[in-house]
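In case you want the letters, here they are:
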Amino acid sequence: MEKDRIVMFPSPGIGHIVAMVELAKLIQTHRFSVTILLTTGHHDHPTIDAYIRRITAAHPSISFLRFPHIPLAAAPTTVSRAARAFAFIKANASNVATYLSQISKTTAVKAFIIDLFCTSAMESASSMGIPVYYFFTSGAAVLALFSYFPKLHEERSESFKDMVGVELRVPGNAPLKAVNMPEPVLDRGDPAYWDMLYFCTHLPKARGIIVNSFPELEPLAVNAVADGACTPNAERGSHVYYIGPLIAEPQQSEGAAGTESKECLRWLDEQPSRSVVYLCFGSRGSFSVSQLGEIAKGLERSGKRFLWVVKKPLEEDGAKQGQELAKPGDEFDLASVLPNGFLERTKERGMVVKAWAPQVEVLSRDSVGGFVSHCGWNSVLEGVVAGVPMVAWPLYAEQHVNREVMVGEMKVAVAVNEREEDGLVSGEEVEKRVREVMECKEIRERSVKLKHMALAAVSDFGSSTTALANLVHSWT
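Computed from a predicted structure; not experimentally measured.

Caption draft 1: Local environment of the environment of Val 412. Among the secondary structure elements, Val 412 is positioned in the loop between helix H15 (399–410) and strand S15 (413–415). Between the alpha carbons of Val 412 and Arg 446 there is a distance of 6.1 Å; along the sequence they are 34 residues apart. Apart from residues no more than four positions distant in its own chain, Val 412 is found in contact with Pro 389, Met 390, Met 406, Ile 443, Arg 446, Ser 447 and Leu 450.

Here it is as structure tokens:
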């Protein structure tokens, strides 16, 4: 008899797939085989195929099924990127139904695990009697916010983007400026808003929610979710399993990017303990040339050693962050986008790399004493597990929520202040925050303490290990 099977369906894009695979690796150690369904036609990238080959070679009980190609529907340019992605996922609902029923003919499917954005696939699984679980790749604070979003929607009729000066009160969260809500829910005129409302309304309808966090990291949000404060309209809440921190294993990079990775790790190994500040802003973290200039000015004036990952800059000032994913090998000339003579003047104590660095490995180096981050949840967890104090510089999505948790509750980060008129962070501000994070004893001690709590959660009898065991036991 074939092993019982768990089927997973991540959103398109390498980041979502990697997160789901990390969960699959944990599950397959409990004697299940795992099949991961992948869409074709949106956010496809050659790195995905190379990654899949590597995973299937190393983990024979994890397999992948690719759906037939579906073209991304033509949409007016006014429709957001998120709305187009959600429409694409919804267009794959019939593929999900077909493949799930095929798999069910030969093996018992014990659970169907989906990304929040794949809620449109919930119905097919439920109609076949397969329990559906969400894998929520952000933390508990964002889970609290999304669970409460239908209530916020009911209480108001205008778009969050127009609610300048309004602060939202969400259980388990610090007050959040309405204009800093995650992009897909900012504008009621965008189809993505209504898609998100549909997704979030379904959160309590799943058999369970698996979260990449642990209770000691965000106790306020964890308690708010547990006591039902975030889902006042639901008859019952889903069971929540906190199984984090789940950190992706270091990605291998080929060719020139691989050589550059080795070079920056070698450079870090030559620097004194806790002397280097590392700056990286995620796969969508491109800045305008003027903002790059301010960062350079701040680093130069701080006198600190630094490793800075610079992505191809945005074409014009005021362009929105995250237009295009930066990739290793994106061509641009570093010297031409940074202040005149900066690279030369700082070459003894600084290293600037293009597009990408092996972040998990960088953060684990003894020489790294601070991390300037865009507050993407994966980066936050990587910083926590490495015990590195952080400077919180949120750019998009749910990162403003994460900043509040990092600074206010975890107390492992300091926040940068942006200029009101144009959102620019000045060189003086960069200098001040870099010095603060590198020199503040309290934040360093707190970071080390949180690191030990994170490692304890995933140890043999830790809270996350126990939560995963309980989840898996419910499938047997």
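Caption draft 2: Structural context of the domain arrangement of the protein. Entries for the protein in the domain assignment read domain 1 (4–248 + 461–474) and domain 2 (259–455). Between the C-alpha centres of domain 1 and domain 2 there is a distance of 28 Å. In this assembly, 26 residues from domain 1 lie in contact with 27 residues from domain 2. Both faces considered, domain 1 and domain 2 share a buried interface measuring about 2200 Å² in area, 64% of it formed by carbon and sulfur atoms. Counting across the interface, domain 1 meets domain 2 through one salt bridge.

Caption draft 3: Here's a closer look at the nonpolar core. If you look at the biggest cluster of nonpolar residues, it comprises 96 residues, and the most contacted ones within it are Phe 9, Phe 112, Phe 160, Met 181, Tyr 278, Leu 307 and Met 410. The element contributing the most residues to this core is helix H6 (residues 140–155), with 10 residues. Among all residues touching Phe 9, those that are not within four sequence positions of it are Met 20, Leu 37, Thr 39, Phe 67, Ile 89, Val 96, Phe 112, Ile 113, Ile 114, Asp 115, Cys 118 and Ala 121. In this structure, Met 8, Phe 32, Val 34 and Ile 62 belong to the second largest nonpolar core, which totals 33 residues.

Caption draft 4: Region of the structure containing the packing of aromatic side chains. Applying the stated criterion across every chain yields a total of 18 aromatic pairs. Arranged with centres 5.0 Å apart and planes meeting at 55 degrees, the rings of Phe 67 and Tyr 99 form a pair that is tilted. With Phe 67 in strand S3 (residues 62–69) and Tyr 99 in helix H4 (residues 93–106), the pair connects residues that are 32 residues apart, well separated along the chain. For the pair formed by Phe 67 and Tyr 99, the shared burial category is buried. With a centroid separation of 5.3 Å and 80 degrees between ring planes, the pair formed by Phe 281 and Trp 393 is classed as edge-to-face. Note that Phe 281 is positioned in the loop between strand S10 (276–280) and helix H10 (289–302) and Trp 393 in the loop between strand S14 (390–392) and H15, a separation of 112 residues in sequence. Accessibility expressed as a relative area gives 2% for Phe 281, which makes it buried. The exposure class of Trp 393 is buried, given its relative accessible area of 3%.

Caption draft 5: Broad picture of the side chain of Asn 402. Residue position: Asn 402 is located in helix H15. In this structure the side chain of Asn 402 is engaged in a polar contact, spanning 2.8 Å, whose partner is the backbone oxygen of Cys 375. When sequence neighbours within four positions are dropped, the list of residues in contact with Asn 402 reads Val 142, Cys 375, Gly 376 and Trp 377.

Caption draft 6: Spatial organisation of helix H17 (residues 441–457). A rise of 1.5 Å per residue sets the reference length of H17, with its 17 residues, at 24 Å; its end C-alpha atoms lie 25 Å apart and thus fit the reference within 8%. Listed in full, the buried residues belonging to H17 are Ile 443, Ser 447, Leu 450, Ala 454 and Ala 457. An end-on view of H17 places all buried positions within 80 degrees of arc, on one side of the element. Across from the buried face of H17, at angles greater than 90 degrees, the exposed residues are Lys 441 and Lys 449. Residues of H17 that are buried in the fold lie against helix H14 (377–386), H15, S15 and helix H18 (463–473).

Caption draft 7: How the structure looks around the packing of H6 against helix H8 (residues 219–226). With their axes 8 Å apart at the nearest point, H6 and H8 run at an angle of 35 degrees to one another. Viewed along their axes, H6 and H8 form a crossing whose handedness is left-handed. Counting all contacts with H6, which are made through Ala 140, Ala 141, Leu 143 and Ala 144, the residues of H8 involved are Ala 221, Val 222 and Val 225. Of the residues assigned to the contact of H6 with H8, the class counts are seven nonpolar, no polar and no charged.

Caption draft 8: Here's a closer look at the side chain of Glu 382. Examined against the element boundaries, Glu 382 turns out to sit in helix H14. For the buried Glu 382, no salt bridge is present, and the opposite-charge side chain at shortest range is Lys 311, 11 Å distant. Sequence-distant contacts of Glu 382, that is, excluding residues within four places in its chain, are made with Ile 247, Gln 359, Val 360 and Leu 363.

Conventions used here
Residues numbered from 1 in each chain as written. Predicted model: local features only at pLDDT ≥ 70, side-chain atom pairs only at ≥ 80, totals over all residues. Heavy atoms only, no water. Helix = DSSP H or I, 4+ residues; strand = E, 2+ residues; numbered from the N terminus. Contact = heavy atoms within 4.5 Å. Domains from an automatic or database assignment. Buried area = accessible area lost by both parts, 1.4 Å probe. Salt bridge = Lys/Arg side-chain N within 4 Å of Asp/Glu carboxyl O. Core = buried A, V, L, I, M, F, W, Y, C linked by side-chain atoms within 4.5 Å. Buried < 20%, exposed > 50% of the residue type's maximum accessible area, 1.4 Å probe, protein only. Phe/Tyr/Trp six-rings, centres within 6.5 Å; stacked < 30°, edge-to-face > 60°. Polar contact = N/O pair within 3.5 Å; in protein donor to acceptor, adjacent residues only side chain to side chain. Expected span 1.5 Å × (residues − 1). Arc of directions from axis to C-beta. Axes fitted to C-alpha atoms, helices over the stretch in contact; angles between N-to-C directions. Left-handed = near helix turned anticlockwise from the far one by under 90°. Nonpolar A, V, L, I, M, F, W, Y, C, P; charged D, E, K, R; others polar. Lys, Arg positive; Asp, Glu negative; His and termini not counted.

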